[in-house]
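Spelled out, the chains give:
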Amino acid sequence: MRSASWERLRSAAAAALLLLLLAVVAAPLAVVVAGSVLDPRLLGLTSETWEAGSRHSTWFSYVLSLYGRHLARSAALALCVVALAFLLGAPAAYGLSRRRDAFARTVAVLLDAPLAVPGLAVAIGLLLAYPRARASGATLAAGHLVYALPFFVRAAGNALSGGNVPELEEAAAVSGAGRWQRFTRIVLPLARPGILAGALMAFTISWGEFNVSFLLSTPTTSTFPSALYLTYTTNSFPVAAAATTLFLAAAVPALALLQRIASPEAARFGEAA
Amino acid sequence: MISRGGKRADDPIGPTAAWIAPAALFLLLAFVAPFAALLRAASHGDPGAFLRELGGVWTHPHTRRALGNGLALSAGVSAAAILLCLPPARLLARSRFRGRGAARLLLSIPLAFSGVIVGFLAVVMLGRVGFVPAVAQALFGRPLGAGLAYALPGLFLAYLFFEIPRAVLALEAAFARLDAELDAAARTLGAGPVQRFARVTLPALRPALLATFATTFSVSLGSYGAALILSRRFSVLPVEAYQEFTAFGNDAGASAMAIWLAGISILVSVAARRASRTATEETR
């Protein structure tokens, strides 16, 4: 009897704490999204109204006129990172799911190692190692990929480790299918949920990446998170709020889709650097 | 023919190395080589200079304070995030209620954020003309919390906001993996709730707690966007390294700071992995 009431008390406390966490996360997001469309004075936030923006019908079109290029670059870079994560990560996940020799073990450790290294350290290292690659944005993409790849490989690998891939492959091999054919016809389709989850994680990581990008980007390669830094330090609240809302407009659907197709993968995403 | 078939059954995908090689080459070029470049820049090829450069970060009061700030902030925020997220994570893992998916999605949103966004949100809520002071002014006639974002509590809350999703999702997964039968068995044997938590749940969760602490700690230690937006007086080492590198062109000094940060993060994650390995062996 005492145990049951204790259990009820504990659940109530946990529920209260959960509601508190939800409120803490939701409140600032709600204020920012509201601030991008409403008069900020309604939120008690106004200290200045900047006339420069009033030529535009909404704050969004003003933000796009200022930072549309950053937004497009961020989208292109994130898609590029997804494609590279697939090209490098899908074969790697396949190889790692099959055999653990010394080389495979070393690569597995190396793959996760960047997650324990701050982005700024990787960025400074990339700049020192390849000083001339900065202008092209190659080091920027590499810096994003270093952090996206471990998540992609893990997600794709998990999808492969569960089923009976080796048996199916062997059957296909007996029927005369070559290695490459088995990889594209059997392995990739079976790994599809994992690949999709990995792709969404790679996209989300690249889309929000700042620690590496802030140092590696140049005025011609700088991405939307760097533009957000600019709006926060130079523009008025409605502009910054509209820019943040645009950022959320891509990030939230990606996270929602990730959770829908693979909630265990979404949980592992908690390890993102 | 027979020998070939036999070989195939034994070696169905060919050399593993061939499949892993592209990723391995990429990591060599984009992670190992840059790390080597950091070590080279801090040492100028001279081990003595390397130690002097690393020691300089510690002996210089300014950088030592920045490092100490980051360590204290990261440890405090990680511990607070774990304590705060443990009960909700258990609830999310164990109970099926309406809106559970939406709650998980909402809590996962800050995963996509950089520290800069978190810093902005802190200013919006707790800045000098923030939302919380505005509401407090309307309700109580006093702007409670105004300017808090720029002080240490604000920075702490911003970092905590950043770590909530990591802690909740990782701990939820750990609770989901937990064997509910063990708890039920302990209950049948007459163990009380506190005893069950201390003797059954906590030991089983220990690896996940250590791993979560290591992750949130190194994410906080390496993130600098929030500090960039919020703190004028309170510096952290990544900000110092950034300035040393960009404003003063001091490659050696910036590299030494980056090596400190990377070294501490790696040490913490290796120690957590070690400790959790011994923990699993003990429970077995």
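Residues numbered from 1 in each chain as written. Chains lettered and ligands numbered in written order. Predicted model: local features only at pLDDT ≥ 70, side-chain atom pairs only at ≥ 80, totals over all residues.

A. Region of the structure containing the overall build of chain B. Looking only at helices and strands, chain B has 13 helices and zero strands in total. Counting from the amino terminus, helix and strand elements in chain B follow one another as α-α-α-α-α-α-α-α-α-α-α-α-α. The C-alpha atoms of chain B give 24 Å as radius of gyration, which overshoots the globular expectation for 284 residues (19 Å, by more than 25%). Judged by the C-alpha coordinates and their principal axes, chain B covers about 80 × 65 × 35 Å. Within chain B, the fraction of its 284 residues that count as buried is 48%. Long-range pairs, those at least 24 residues apart, make up 72% of the contacts in chain B between residues at least 6 apart in sequence. (Helix = DSSP H or I, 4+ residues; strand = E, 2+ residues; numbered from the N terminus. Rg over C-alpha atoms; globule rule 2.2 N^0.38 Å. Buried ≥ 20, exposed ≤ 12 C-beta atoms within 10 Å, placed from the backbone. Contact = placed C-beta atoms within 7 Å.)

B. Structural context of the overall build of chain A. Within chain A, the secondary structure is distributed over twelve helices and zero strands. Sorting the 273 residues of chain A into buried and exposed places 51% on the buried side. Sequence-distant contacts, at least 24 apart, represent 78% of the contacts inside chain A between residues at least 6 apart.

C. Quick peek at the interface of chain A and chain B. Taken together, the contact between chain A and chain B spans 86 residues of the former and 82 residues of the latter. Taken together, the residues that form the side of chain A that touches chain B break down as 64 nonpolar, 13 polar and nine charged. (Nonpolar A, V, L, I, M, F, W, Y, C, P; charged D, E, K, R; others polar.)

D. Spatial organisation of the packing of helix α2 (residues 59–98) of chain A against helix α10 (residues 224–234) of chain A. Residues and elements named next belong to chain A. In contact at an axis separation of 8 Å, α2 and α10 are set at 150° when each is read in the N-to-C sense. The angle between α2 and α10 places the two elements in the roughly antiparallel class. Mapping the contact onto sequence places Y67, H70, L71 and S74 in α2 and F224, S226 and A227 in α10. Here the residues of the contact of α2 with α10 sort into four nonpolar, three polar and no charged. (Axes fitted to C-alpha atoms, helices over the stretch in contact; angles between N-to-C directions. Parallel < 35°, antiparallel > 145°, perpendicular 65-115°, else oblique.)

E. Summary view of helix α8 (residues 152–177) of chain B. Residue and element names in this part refer to chain B. Between its terminal C-alpha atoms α8 stretches 37 Å, which fits the 38 Å expected from 26 residues at 1.5 Å a residue. Taking the largest bend as the criterion, α8 deviates by roughly 40°, centred on E163, and proline P165 comes between one and four positions later. Within α8, 20 of the 26 residues are buried, which leaves the element mostly enclosed by the surrounding structure. (Expected span 1.5 Å × (residues − 1). Bend = angle between axes of the 7 residues up to and from the residue.)

F. Examining the nonpolar core more closely. If you look at the biggest cluster of nonpolar residues, it comprises 178 residues, and the most contacted ones within it are I124, A148 and A202 of chain A together with A258 of chain B. With 17 residues, the single largest contributor to this core is α2 of chain A. Setting aside residues no more than four positions away along its own chain, A202 of chain A makes contact with V81, V82, A85, A148, F151 and F152 of chain A. (Core = buried A, V, L, I, M, F, W, Y, C linked by C-beta atoms within 7 Å.)

G. Up close: helix α8 (residues 192–208) of chain A. If you check α8 of chain A, its first and last C-alpha atoms are 24 Å apart, about what 17 residues at 1.5 Å a residue would give, namely 24 Å. Most of α8 of chain A is tucked away: 14 of the 17 residues are buried.

H. View of the environment of E240 of chain B. Residues and elements named next belong to chain B. With respect to the secondary-structure elements, E240 resides in helix α12 (residues 237–246). Exposure remark for E240: the 22 C-beta atoms within 10 Å place this residue in the buried category. In this structure, the C-alpha to C-alpha distance between E240 and A258, residues 18 residues apart in sequence, is 9.9 Å. Every residue in contact with E240, bar those within four places of it in the chain, is listed here: T63, A66, S235 and M257.

I. Focus on the confidence of the model for chain A. When pLDDT is averaged along chain A, the result is 86; 89% of the residues meet or exceed 70. Here helix α12 (residues 263–268) of chain A stands out as the least confident element of chain A, with mean pLDDT 61; helix α4 (residues 119–129) of chain A is the most confident, with 94. (pLDDT = per-residue confidence, 0-100.)

J. Spotlight on the confidence of the model for chain B. Residue and element names in this part refer to chain B. Chain-level statistics for chain B give a pLDDT mean of 86 and a share of 93% at 70 or above. Across residues 1–10, confidence stays below pLDDT 50; counting only partners more than four residues off in sequence or on other chains, it has two contacts. Interface confidence for the predicted complex, given as ipTM, is 0.88, next to a pTM of 0.89.

K. Structural view of the environment of E163 of chain B. Residue and element names in this part refer to chain B. Topologically, E163 is positioned in helix α8. Placed 27 residues apart in sequence, E163 and A136 show a C-alpha to C-alpha distance of 26 Å. When neighbours within four sequence positions are excluded, E163 is seen to be in contact with V77, S78, A81, T216, V219 and S220.

L. The environment of L221 of chain B, seen in detail. Looking at the element boundaries, L221 of chain B is found in helix α10 (residues 193–222). Each C-alpha atom, one on L221 of chain B and one on S43 of chain B, is 24 Å from the other, the two residues being 178 residues apart in sequence. Those residues in contact with L221 of chain B, other than ones at most four positions away along the chain, are P118 of chain A together with G70, S74, L261, I264 and S265 of chain B.

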